[in-house]
Amino acid sequence: MDSNKTVLISGGAGYIGSHTAVELINAGYDVVIIDNLSNSDAAAVEGVEKITGRKIPFEIVDTCDPVALKGVFEKYEFETVIHFAAYKAVGESMDKPLMYYQNNLVSFMNIVEMMMQFNRRNILFSSSATVYGEAETLPVTESTPRQPATSPYGNTKQIAEDILRDCCRACAGLHGIALRYFNPIGAHPSALIGELPRGVPNNLVPFVTQTAAGIRECLSVFGDDYDTPDGTCLRDYIDVVDLAKAHVAAVNRMTDDKMKEKYEIFNVGTGNPVSVLELITTFERVNDLKLPYKITPRRPGDVPAVWADTTLANEELGWKAERSLDDTLRSAWKWEKHVRGL
Ligand code: UFG
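Every residue gets a number counted from 1 within its own chain, in the order that chain's sequence is written. Per-residue local features are limited, in this predicted model, to residues with pLDDT of at least 70; the limit for side-chain atom pairs, both in listing and counting, is 80 or more; totals at the level of whole chains, interfaces and linings are taken over all residues. Only heavy atoms go into the side-chain values, all of them from the structure, while hydrogens and water stay out.

Caption draft 1: The site of the ligand, seen in detail. The environment of the ligand is made up of 19 residues, and the closest members are Asn-203, Ser-220, Arg-235, Arg-299 and Asp-302. Any pair of nitrogen or oxygen atoms within 3.5 Å is treated as a polar contact; in protein, a donor-acceptor pairing is required on top of that, and neighbouring residues in sequence qualify only through side-chain atoms on both sides. Tyr-153 places a side-chain nitrogen or oxygen 3.1 Å from an oxygen atom of the ligand. In the model, a nitrogen atom of the ligand is placed 2.7 Å from a nitrogen or oxygen of the Ser-220 main chain. With residues, only the protein chains shown are counted as cover, and all accessible areas are computed by Shrake-Rupley using a 1.4 Å probe. In the complex, the protein chains occlude 90% of the 680 Å² of accessible area that the ligand would expose alone. Being near a molecule or strand, for a residue, comes down to having at least one heavy atom within 4 Å of it.

Right under this line is the structure:
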């Protein structure tokens with residue numbers, strides 16, 4: 001394995017991690033996956049192997065465990081780490097803040113610590129559009145001020161961004177990129193990998209697909225009295241394969257030594273705001289089915305609208321979202337049917 005062409009993926013059995021593994025391999029990289037399987041399944045790694053026809057080095061390791069993590073750094077040569085491994089449910093983080101701070105921050109600090117100890121160069125961090133909160137101007141650019149986090153989950157993203165910025169400044173050999181994801185949805189066109197939420201989904205599209213599959217009785221639309229064109233919230237839904245390709249572009253930028261600063265941030269979205277009702281009607285149209293839904297009160301903490309200005313990612317990463325919402329919502333349904341054996 002060429003160390004400059006090898007990427008360690010923490011959380012690589014997860015939703016975004018598994019899709020990113022596929023696209024990295026397609027682009028000529030070798031990957032090593034670590035995951036503690038706390039919210040993922042080893043079947044995702046098998047899915048990556050099926051899609052790519054490659055055997056993937058995979059270790060069940062918790063990035064919060066410094067001894068186990070050190071073993072990975074001793075065993076494999078890689079210049080780049082993509083750190084996905086984290087808890088991600090906003091509501092759960094309100095109930096269990098310490099669990100979120102411990103898991104998301106300890107794991108991240110362990111990774112950065114190992115990178116510095118072992119002189120590994122590049123770290124790509126999964127951040128979130130949640131750092132923008134209720135932005136004063138839309139769409140948001142990377143220099144739109146972050147708002148105080150409204151959940152411990154969101155706070156872990158802000159703190160980890162700051163840790164990365166400070167460590168890149170302090171450690172000559174370390175380079176960092178934070179990708180701020182908007183709303184990742186959809187699945188690989190093969191339907192061999194996709195999102196596998198445990199229990200009742202918090203996010204819109206898994207709830208939509210589970211309702212279509214008859215697992216949920218009725219979808220709740222959280223509020224139709226927002227100051228938006230149809231009264232429902234606006235989000236920037238980014239196809240997970242497009243998102244995975246943004247990681248490849250960011251890894252290329254790091255390994256080709258093209259970064260302009262030692263720490264950089266990019267928005268990863270489509271730039272197109274889509275309302276909850278638009279998403280539902282698009283899902284119904286492209287999959288030719290009817291979705292039972294009702295309007296319910298607003299969900300506390302939801303911002304009325306957020307979408308990305310993607311100019312920086314377009315120009316600097318040479319990356320642009322390509323898949324249409326129609327295709328993405330087709331892939332989401334194809335995946336749900338595959339999982340349920342429908
Ligand atoms: N929604 C519903 N019904 C549902 C679920 C969601 O109407 O059953 C609505 C929400 O109110 C919101 C939209 O669908 O308007 C999207 O909600 P999601 O939960 O899918 O996504 P969020 O925008 O709330 O959150 C996502 C990620 C977070 C991340 C955030 C960044 O889940 O991790 O984007 O903006 F922090």
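Right, picking up where we left off after that structure.
Caption draft 2: Molecular detail of the sheet that holds strand S3 (residues 58–60). Strand pairing is assigned whenever DSSP detects at least two bridges linking the two strands. Every helix listed is a DSSP run of H or I at least four residues long, and every strand listed is a run of E at least two residues long, numbered separately from the N terminus. An order of S3-S2-S1-S4-S5-S6-S11 is seen for the seven strands of this open sheet, with the pairing classed as parallel. Where the open sheet ends on each side, the last strands, each with one partner, are S3 and strand S11 (263–268). This sheet shows a mean twist of 20° between the axes of neighbouring strands, independent of strand direction. As defined by bridge partners, strand S4 (residues 80–83) adjoins strand S5 (residues 122–128) across four bridges and the pair is classed as parallel. For His-83, the partnering residue across the bridge sits in S5 and is Phe-125. Angles here are taken between N-to-C directions and fall from 0 to 180 degrees, while the axes themselves are lines fitted to C-alpha atoms, restricted in helices to the stretch in contact.

Caption draft 3: Structural detail: the environment of Tyr-29. Here Tyr-29 lies in the loop between helix H1 (15–26) and strand S2 (30–35). Only protein chains enter the accessibility calculation, which uses a 1.4 Å probe. A residue is then buried if its area is under 20% of the maximum for its type, exposed if over 50%, and partly exposed in between. A relative accessible area of 1% places Tyr-29 in the buried class. Along the backbone, Tyr-29 and Val-248 are 219 residues apart, and their C-alpha atoms lie at a distance of 9.1 Å. Leaving out residues up to four positions away in the same chain, Tyr-29 has contacts with Asn-4, Lys-5, Val-7, Leu-24, Arg-54, Val-251, Asn-252 and Thr-255. In this analysis, two residues are considered to be in contact whenever any of their non-hydrogen atoms come within 4.5 Å of each other.

Caption draft 4: Quick look at the side chain of Lys-157. Following the sequence through the fold, Lys-157 ends up in helix H6 (residues 152–170). Positive: Lys, Arg. Negative: Asp, Glu. His and the chain ends are not part of the count. We define a salt bridge as a contact between a side-chain nitrogen of Lys or Arg and a carboxyl oxygen of Asp or Glu at a distance within 4 Å. Buried and unpaired, Lys-157 has Glu-161 as its nearest opposite-charge partner, separated by 8.8 Å. Beyond its immediate sequence surroundings of up to four residues, Lys-157 is in contact with Ala-86, Phe-125, Ser-126, Ser-127, Ser-128, Thr-130 and Val-131.

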